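As a plain string of letters, each chain reads:
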Amino acid sequence: MALGVTGAGDMDDQATAPVRAQQQWLLTLLPAFPLALLVLRVWYLSRQNLSTMLLVVQYISPLGLISGLFVALVWAIPAAILVLRALGALLAVSTDTDESGSLLARTTRRMPDWVVVLAVGSAALTWQLRFLPTLLMLTVAIVGLVARQRHPGNRPLLVATGVALPVGAAVLAYTWLAPGIDAALAAGETVTASLLLLPPASAVLLTGPVPSWSARAVTHWTALGGALLAPLVLGAIFLRAPILPVQAVEVDAEPWADNQPVLLGHLIAVDDRMTTLLDRHGRVHFVPNDQVVSRALCPEPKQVPASRVDIRGWQVERTALEWLAPTEGVVTTDPRCQGRPARAP
């Protein structure tokens, strides 16, 4: 009997060995990915010049890098949580086999409900308006799938969460989104119209199981595809996120050899003798402080909206946080931020 028990334990250890190996690789790569993003951001800012990159790294604030990373990619955390929770619940209700060896199943099974609630609230504030119908779709799908998973015999609850909730949510969503959908179709913005039109209706189809023979392939391949695509998307977004302040430095025209009255670029450092500036072309300027006439802090150039559609006064590329938060009023552009001296000669 002791031999039999020992043999069963050894078999369980062998079965879980690949799972533990996956967890170890995941725990190794999770902290390495943000670090790689930060290094690539500084390398991109330095125009792929190693000497310039080392100079910027010497003076740049780690807190500034982390803050830039957080602000640029804050929307990605709730997106990952909600997609994983929806896929895990879909796998659980679609198959009767034991999925304890699946990393996706174990991750979502151990995910507390309050984490999902916080992810929904965070996404509602940080996602652009055109992606909020997708958030509605994911939320309704999670509610319906989790209810089916935890209370499979409660038919009134399943009808309420699997049919009534998605239909009612879709009706309310289309009532509010109707002006934006009409405007997007009239402007020929197919992508914006699809993002506003398709997700609410799709929620009705996502609250039930898929065929058991395809459940593992559908959920795992979707999760794998997202995991492979996410680093590329996140990297492309963060490579353009500001991590250094933009400053215009007006210099004395007489002793300055470059014959540039105003230098515009990213401020690297200021000490008691020198101001170090990285211009838009990747050139580093060391300006003696006794040749500096004036300075001006310049705003980062705002991205021009790709869509002209707004819904009840809310531009579809703005987040709720941007819409609700106080913004700076209309101010006169400092001429130094346009490369001109503060006072014309």
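In short, a report on the structure. (Residues numbered from 1 in each chain as written. Predicted model: local features only at pLDDT ≥ 70, side-chain atom pairs only at ≥ 80, totals over all residues. Heavy atoms only, no water.)

1. Section: the overall build of the protein chain
Move 1: For the protein chain, the count of helices and strands is 11 helices and seven strands.
Move 2: Sorting the 345 residues of the protein chain into buried and exposed places 37% on the buried side.
Move 3: When contacts within the protein chain are restricted to residue pairs at least 6 apart in sequence, those whose partners lie at least 24 apart make up 66%.
Move 4: For the protein chain, the accessible surface area stands at approximately 20,700 Å², while carbon and sulfur atoms represent 66% of it. (Helix = DSSP H or I, 4+ residues; strand = E, 2+ residues; numbered from the N terminus. Buried < 20%, exposed > 50% of the residue type's maximum accessible area, 1.4 Å probe, protein only. Contact = heavy atoms within 4.5 Å. Areas by Shrake-Rupley, 256 points an atom, 1.4 Å probe, with all protein chains shown as cover.)

2. A short note on the sheet that holds strand S1 (residues 246-251)
Strands pair in a sheet through their backbones, by hydrogen bonds, and they do so in one of two ways: parallel or antiparallel.
Move 1: What the five strands build is an open sheet, ordered S4-S3-S2-S1-S5; its pairing is antiparallel. Looking at the sheet topology across the chains shown, the edges are occupied by strand S4 (284-288) and strand S5 (292-298). Within this sheet the neighbouring strands show an average axis-to-axis angle of 45°, counted without direction.
Move 2: Inspection of the sheet shows S1 paired to strand S2 (residues 262-270) by five bridges, in the antiparallel sense. Looking at the pairing, valine 249 lines up with leucine 263 of S2.
Move 3: Sitting on the sheet, helix H2 (residues 50-59) is in contact with S2, strand S3 (274-279) and S4, with an inclination near 55° to S2. (Pairing = 2+ DSSP bridges. Axes fitted to C-alpha atoms, helices over the stretch in contact; angles between N-to-C directions.)

3. Section: the pattern of salt bridges
Move 1: For the coordinates displayed, the defined rule picks out two salt bridges.
Move 2: A salt bridge links aspartate 113 to arginine 150; the nearest nitrogen and oxygen atoms lie 2.9 Å apart. Highlighted residues: aspartate 113 in helix H6 (residues 113-126) and arginine 150 in helix H7 (residues 132-150), separated in sequence by 37 residues.
Move 3: Salt-bridge contacts for aspartate 279 lead to arginine 283; the nearest nitrogen and oxygen are separated by 3.3 Å.
Move 4: The class of aspartate 279 is buried, set by a relative accessible area of 8%.
Move 5: Residue classification places arginine 283 among the partly exposed residues on the basis of a relative accessible area of 44%. (Salt bridge = Lys/Arg side-chain N within 4 Å of Asp/Glu carboxyl O.)

4. Concerning the nonpolar core
Move 1: Within the largest apolar cluster, 30 residues are counted, with the highest numbers of intra-cluster contacts made by Leu82 and Trp127.
Move 2: At the level of secondary structure, the elements contributing two or more residues to this core comprise helix H4 (76-94), H6, H7, helix H8 (155-186) and helix H9 (190-202).
Move 3: Other than its neighbours up to four places away in sequence, tryptophan 127 contacts Trp75, Pro78, Ala79, Leu132, Leu135, Leu138, Arg318, Thr319 and Ala320.
Move 4: Among the nonpolar cores identified, the runner-up in size contains 21 residues, and Leu38, Leu55, Ile60 and Leu73 belong to it. (Core = buried A, V, L, I, M, F, W, Y, C linked by side-chain atoms within 4.5 Å.)

5. Structural notes on the packing of H7 against H9
Move 1: Close contact between H7 and H9 brings their axes to 8 Å; oriented N to C, the two are set at 10°. Put simply, H7 runs roughly parallel to H9. Across from Pro133, Thr134 and Met137 in H7, the residues of H9 making contact are Leu195, Leu196, Pro199, Pro200 and Ser202.
Move 2: Residues belonging to the contact of H7 with H9 are distributed by class as follows: six nonpolar, two polar and no charged. (Parallel < 35°, antiparallel > 145°, perpendicular 65-115°, else oblique. Nonpolar A, V, L, I, M, F, W, Y, C, P; charged D, E, K, R; others polar.)

6. Brief notes about the pairing of S1
Move 1: With six of six residues buried, S1 is to be regarded as a mostly interior element.
Move 2: Burial of the side chains of S1 extends over both faces: Val246, Ala248 and Glu250 are buried on one face and Gln247, Val249 and Val251 on the other.
Move 3: Note that S1 and S5 share six bridges and pair antiparallel. Across the sheet, the residue bridging to valine 251 is valine 292, located in S5.

7. Re H2
An α-helical turn contains 3.6 residues, so any two residues separated by three or four positions project in the same direction.
Move 1: Considered for burial, the residues of H2 that qualify are Thr52, Met53, Leu55 and Val56. One face of H2 carries all of its buried residues, which in axial projection span an arc of 160°. Structural note: H2 exposes Leu50, Ser51, Leu54 and Gln58 on the side pointing more than 90 degrees away from its buried face.
Move 2: Between a side-chain oxygen at the N-terminus of H2 and the backbone nitrogen of serine 51 the separation is 3.0 Å; the capping residue is asparagine 49. (Arc of directions from axis to C-beta. Polar contact = N/O pair within 3.5 Å; in protein donor to acceptor, adjacent residues only side chain to side chain.)

8. Description of the side chain of threonine 275
Move 1: Here threonine 275 shows up in strand S3.
Move 2: Exposure remark for threonine 275: the relative accessible area of 1% places this residue in the buried category.
Move 3: Engagement of the side chain of threonine 275 in a polar contact is seen with the side chain of arginine 295, the distance being 3.1 Å.

9. Section: the pairing of S3
Move 1: For S3, a buried count of five out of six residues is recorded, marking the element as mostly surrounded by other parts of the structure.
Move 2: In the sheet, S2 pairs with S3 via five bridges, with the strands oriented antiparallel. By the bridge assignment, glycine 265 is partnered in S3 with aspartate 279.
Move 3: Connecting S2 to the next strand, S3, in antiparallel fashion are three residues.
Move 4: Relative to S4, S3 runs antiparallel, the two being bridged by five bridges. Residue pairing in the sheet places leucine 278 in a bridge with valine 284 of S4.

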